[in-house]
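Summary of the model geometry
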Amino acid sequence: LKLHFLAFLEYYGMCPANLRYEYLNDLSEFSFLCVKNKNANECRILKKPGELYRWTEELGLYFSGYDDADYIDEDFYSELINEGNRESYDNFLSDIGVLSVPKIRETIPESTFENKLRFGLGSFKIAPRYLDDQKIKDVEIDGLDNAISSISSEKSEMIWNRIILYFRSNPYENPENVFKGR
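Residues numbered from 1 in each chain as written. Predicted model: local features only at pLDDT ≥ 70, side-chain atom pairs only at ≥ 80, totals over all residues. Heavy atoms only, no water.

1. A short note on a nonpolar patch on the surface
Nonpolar side chains collect at one region of the surface, where Tyr-11, Met-14 and Leu-19 lie side by side and expose about 290 Å² of accessible area between them. Its place among the elements puts Leu-19 in helix 2 (residues 17-27). Judged by relative accessible area, which is 37%, Leu-19 ranks as partly exposed. (Patch = residues over 30% accessible without salt bridge, like charges linked within 9 Å, V, L, I, M, F, W, Y side chains within 5 Å. Areas by Shrake-Rupley, 256 points an atom, 1.4 Å probe, with all protein chains shown as cover. Salt bridge = Lys/Arg side-chain N within 4 Å of Asp/Glu carboxyl O. Helix = DSSP H or I, 4+ residues; strand = E, 2+ residues; numbered from the N terminus. Buried < 20%, exposed > 50% of the residue type's maximum accessible area, 1.4 Å probe, protein only.)

2. Brief notes about the packing of aromatic side chains
One pass over the full model with this rule turns up 12 aromatic pairs. Between the aromatic rings of Tyr-11 and Tyr-23, the centroid separation amounts to 4.8 Å while the plane-to-plane angle is 75°, which identifies the pairing as edge-to-face. Placement of the pair is Tyr-11 in helix 1 (residues 2-14) and Tyr-23 in helix 2, with a sequence separation of 12 residues. Residue Tyr-23 is classed as buried on the basis of its relative accessible area of 15%. Grouping aromatic residues by their ring pairs yields a cluster made of Phe-5, Tyr-12, Phe-76, Tyr-77, Tyr-89 and Phe-92. In this structure, Lys-2 is placed above the aromatic ring of Phe-76, and the distance from its NZ or CZ to the ring centre is 4.8 Å. Positioned above the aromatic ring of Tyr-12, the side-chain terminus of Arg-20 is 4.3 Å from the ring centre. (Phe/Tyr/Trp six-rings, centres within 6.5 Å; stacked < 30°, edge-to-face > 60°. Lys NZ or Arg CZ within 6 Å of the ring centre and 35° of its normal.)

3. Section: helix 1
With 13 residues, helix 1 extends 19 Å between its outermost C-alpha atoms, agreeing within 8% with the 18 Å of an ideal straight helix rising 1.5 Å per residue. The set of residues buried in helix 1 consists of Phe-5, Leu-9 and Tyr-12. Seen along its axis, helix 1 keeps its buried residues to an arc of 55°; they face one direction. The outward face of helix 1, more than 90 degrees from its buried face, is lined by the exposed residues Leu-3, His-4 and Met-14. (Expected span 1.5 Å × (residues − 1). Arc of directions from axis to C-beta.)

Okay, here's the thing in structure tokens:
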């Protein structure tokens, strides 16, 4: 496993720029990264980059008590990383999609009267003829329900910082529309 990872990392460093996007995209589809074991008796689990987080104190606090967040086992790869390739390693993990902030997923709830009310869209008509064309957009933030259920001032500040970061990185999103599911 370590040698495969090292080969992927080394090729990342010398991959021609015109092929890098395709290389990273293809690689991100494979489960090849080791998950940090929550139980020392478990065998190694491999996951896709977009399914893993890089552990930070902030994410550790945010996901405390949430068992569905998996972290890349950076201890497993530590002997492969040195000062000469640390920056390349960090960029590689980021570029293949290992997460450093909670994942935001778009969801499309069913267009029902109850969901219309839930999203403040009660005054809009659902025409049965065009039901397939009428969709409500919502977003879910990984681990947010758990973080809110055990909220602290530190978690609250972190959540608001992530929301602000989301809108800064998506300047064309209208916050009011996002919060209302439009």
